[in-house]
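Chain by chain, the residues:
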Amino acid sequence: VDARLTTGSGGRSFIINWTVTFPNGIPDEKPTRFNVTNAVAEANANGALYISVPADGVPASTMVFGLYVANWMGNEDLTTLTIKKVTSNPPTVQIAGYGTSTSSR
């Protein structure tokens, strides 16, 4: 989750507060809670404008990340991003032409 394009700091640091919720309940796997909540806590402690959690550290679930940003003048904004990790295989696309190319994401 990346908010590094956030503007309006006037060259000063932002006040940052990340949150994460699991609308369908917190996954039972303890590593998941640790990986995601630890990444959020670390980002808050460092005033980071991005959060990175390895995909293999997160099971199939829905997570809603929230980001509150305020500048030194008191201007503030809040936004959320919903991420849903699924267990199904990604689609395979084939384009016929001079050779065949296969791509998946």
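Residues numbered from 1 in each chain as written. Predicted model: local features only at pLDDT ≥ 70, side-chain atom pairs only at ≥ 80, totals over all residues. Heavy atoms only, no water.

Trainee: Looking at this structure, I do not really get the overall build of the protein. What am I missing?
Mentor: For the protein, the helix and strand inventory stands at one helix and five strands. Its helices and strands in sequence order give the protein the pattern β-α-β-β-β-β, from N to C terminus. By the burial criterion, 28% of the 105 residues in the protein qualify as buried. Restricting to contacts in the protein with at least 6 residues of sequence separation, those with at least 24 account for 55%. When the accessible surface of the protein is summed, it comes to about 7600 Å², and 53% of that surface belongs to carbon and sulfur atoms. (Helix = DSSP H or I, 4+ residues; strand = E, 2+ residues; numbered from the N terminus. Buried < 20%, exposed > 50% of the residue type's maximum accessible area, 1.4 Å probe, protein only. Contact = heavy atoms within 4.5 Å. Areas by Shrake-Rupley, 256 points an atom, 1.4 Å probe, with all protein chains shown as cover.)

Trainee: How should the nonpolar core be read in this particular structure?
Mentor: Nonpolar side chains tend toward joint burial in soluble globular proteins. One finds Ile16, Trp18, Val36, Ile51, Met63 and Phe65 to be the most contacted residues of the largest nonpolar core, which totals 18 residues. When residues of this core are traced back to their parent elements, those giving at least two are β1 (15-21), α1 (30-46) and β2 (61-70). Those residues in contact with Phe65 that lie beyond four places of it in its chain are Val1, Thr19, Val20, Val36, Val40, Ile51, Thr79, Thr80, Leu81 and Ile83. (Core = buried A, V, L, I, M, F, W, Y, C linked by side-chain atoms within 4.5 Å.)

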